[in-house]
Amino acid sequence: MRNFHITIWLGSAPRPRASVFVSLFTFVVLVRTVLITVVPLQALAFLETAQKVSVLYLCVSVFGVAGSLSIPWLVHKIKRRWTFTLAGVCAVAAAACFASGYLPLFVLGMVFQVFSVASFEISLNLYIMDHIPKKDLGHFEPTRVFFAAGAYSAGPWFGVFLWTQAAAWAPFVLSAILAAAVVAFFWYLRLTENPAVSPMKTKPPNPVRYIKRFVEQPRLRLSWMLAVGRSGWWSMFFIYAPIYAVESGLGDEAGGLLVSLGLACAFLVPLWGWIARHFGVRRLLVAAYTLSGLASIAVAFAMELPLLGAAVLLGAALLTATIDGAGNIPFLRAVHPTERAEMTTVFATYRDAGQLLPPATFAVLLKIFPLASVFVASGAAALILAYYARYIPKKL
């Protein structure tokens, strides 16, 4: 009976304001960014070489893709709110595994973390598409990235600071507390699903069918490929910027600071979003991928001087942050309302692919070439994506 009254009330109830989703997204980001630099540094301490760290991230990312594709089944079976809650539980479990100081549990913690990030993102995107009109997405995407910039910029440095100066378990405890707070805040908001697009009692979605449907749509394929490139560059930055800082003699805390300063470039996302709205998403992304690619390649030639190499890497991060001005708009504007859950799940694998492809490539490269090859390969990939960004529709 309670569900009946809620369904009628939804028709006249006001939509949650965009600020609600901006706040929720920011808290979710903070859960991850507190550990985003600590985890690769901890992996390097366990495994001792960048090449072995690449192999580890590759293996974990394979599990991440499989986990992401299972999320539509979870949404169908236990609904979005419980999928979001499960993401918080996995984030707490990941923090506990990381704090153990035991390599097998550390690896398990990475798997929990990857699944948690994917579940948070898919659940949030579904709520966002339910409650934020398509015409407002061009303003919403840069805004949510801007407000998350504080978490992006403070989290990496603060996590490493706690790890090195307070206690080895401190950043993991903080991440677990934040994850619990995110879930509590989510339940306080009492977000509802739009009954017009919520799944009815049907059979669980077939992954093979909705992957095929996604691939058949050129605009969705293009949006996924561009998102993989953006995610892949940042995954490279999260892992190899701190490794570069350690191997060049700058130290652990310098690695955390380098990542924090790079992510602080997200404060400029509203500017890039304004440019995208006035000059077009296509023009912005073609220019951004081109400049990011050239700057990334330049890092390889500046690495012999640690401070100069760090400065050039920060410049590359600033140019890559320009891409975030468009956010996921190419996908959000292309997906059909009745296919949101399935298509969002497939699209969200861009994060897993962005975490899988770079380590897979770099694990091979680092067997033969020095660390500089990582930045050359990342730059070359960005230049290729600049070419494909020309196929974005002009009207975006």
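Residues numbered from 1 in each chain as written. Predicted model: local features only at pLDDT ≥ 70, side-chain atom pairs only at ≥ 80, totals over all residues. Heavy atoms only, no water.

K.L.:
Can you explain empty space enclosed by the protein? Please cite residues and give values.
P.N.:
Within the structure shown, the criterion is met by five cavities of 30 Å³ or more. By volume, the largest cavity amounts to about 670 Å³. Taken together, the elements giving at least two residues each to the lining of the largest cavity come down to helix 2 (18-33), helix 5 (71-99), helix 6 (103-131), helix 7 (137-166), helix 10 (218-247), helix 11 (252-263) and helix 16 (340-368). Considering each element in turn, the lining of the largest cavity owes the most residues, seven residues, to helix 6. Across the lining of the largest cavity, the residue classes tally to 20 nonpolar, ten polar and seven charged. One number sums up the size of the second largest cavity: a volume of about 250 Å³. Taken together, 16 residues form the lining of the second largest cavity, with Arg 32, Ile 36, Tyr 57, Gln 113 and Gln 355 sitting closest to its centre. Elements supplying a minimum of two residues to the lining of the second largest cavity: helix 3 (38-47), helix 4 (50-69), helix 6 and helix 10. (1 Å grid on protein atoms, 1.4 Å probe; cavity = no way out; pocket = protein on both sides within 12 Å on 5 of 7 lines; lining within 4 Å. Points joined across faces, edges and corners; volume = space filled by probe spheres on them. Helix = DSSP H or I, 4+ residues; strand = E, 2+ residues; numbered from the N terminus. Nonpolar A, V, L, I, M, F, W, Y, C, P; charged D, E, K, R; others polar.)

K.L.:
Could you give an account of the packing of aromatic side chains, with specific residues and numbers?
P.N.:
Overall, the coordinates contain 22 aromatic pairs when judged by the stated rule. Taking 5.9 Å as the distance between ring centres and 45 degrees as the angle between the ring planes, the aromatic pair formed by Phe 98 and Phe 172 counts as tilted. One end of the pair, Phe 98, is in helix 5; the other, Phe 172, is in helix 8 (residues 170-189), and 74 residues separate them in sequence. For the pair Phe 98 and Phe 172, one class covers both residues: buried. Between Phe 186 and Trp 187 the ring centres are 6.0 Å apart and the planes differ by 85 degrees, which places this aromatic pair in the edge-to-face class. Note on Phe 186: relative accessible area 2%, which makes it buried. Residue Trp 187 is classed as partly exposed on the basis of its relative accessible area of 34%. Among the aromatic side chains, those forming a connected cluster through ring pairs are Trp 82, Phe 84, Phe 120, Tyr 127, Phe 186 and Trp 187. (Phe/Tyr/Trp six-rings, centres within 6.5 Å; stacked < 30°, edge-to-face > 60°. Buried < 20%, exposed > 50% of the residue type's maximum accessible area, 1.4 Å probe, protein only.)

K.L.:
An account of the nonpolar core is needed here, citing residue identities and associated values.
P.N.:
Phe 237 and Tyr 240 are the most contacted members of the largest nonpolar core, which totals 77 residues. With ten residues, the top contributor of residues to this core is helix 10. Beyond its immediate stretch of four places on either side in the chain, Phe 237 contacts Pro 242, Leu 258, Val 259, Gly 262, Leu 313 and Ala 317. Judged by nonpolar contacts, the second largest core, of 24 residues, contains Leu 74, Val 75, Phe 115 and Ala 348. (Core = buried A, V, L, I, M, F, W, Y, C linked by side-chain atoms within 4.5 Å. Contact = heavy atoms within 4.5 Å.)

K.L.:
Quick one: what's the story with helix 3, residue by residue and with numbers?
P.N.:
A large share of helix 3 lies buried, amounting to eight of its ten residues. By the burial criterion, the buried members of helix 3 are Val 38, Val 39, Pro 40, Leu 41, Gln 42, Ala 43, Leu 44 and Leu 47. Where helix 3 ends, the next residue or the one after it, Glu 48, has phi of about 80 degrees, a positive value.

K.L.:
I'd like a rundown of a nonpolar patch on the surface, residues and numbers included.
P.N.:
On the surface, a cluster of nonpolar side chains totalling about 420 Å² of accessible area is made up of Trp 157, Phe 158, Phe 161, Leu 257 and Leu 261. The set of elements that each furnish at least two residues to the nonpolar patch consists of helix 7 and helix 11. If you tally residues by element for the nonpolar patch, the top one is helix 7, at three residues. (Patch = residues over 30% accessible without salt bridge, like charges linked within 9 Å, V, L, I, M, F, W, Y side chains within 5 Å. Areas by Shrake-Rupley, 256 points an atom, 1.4 Å probe, with all protein chains shown as cover. Salt bridge = Lys/Arg side-chain N within 4 Å of Asp/Glu carboxyl O.)

K.L.:
Explain unusual backbone geometry to me, using residue names and the numbers behind them.
P.N.:
One non-glycine residue with positive phi stands out, namely Glu 48, at about 80 degrees. By the secondary structure assignment, Glu 48 is in the loop between helix 3 and helix 4. Judged by relative accessible area, which is 65%, Glu 48 ranks as exposed.

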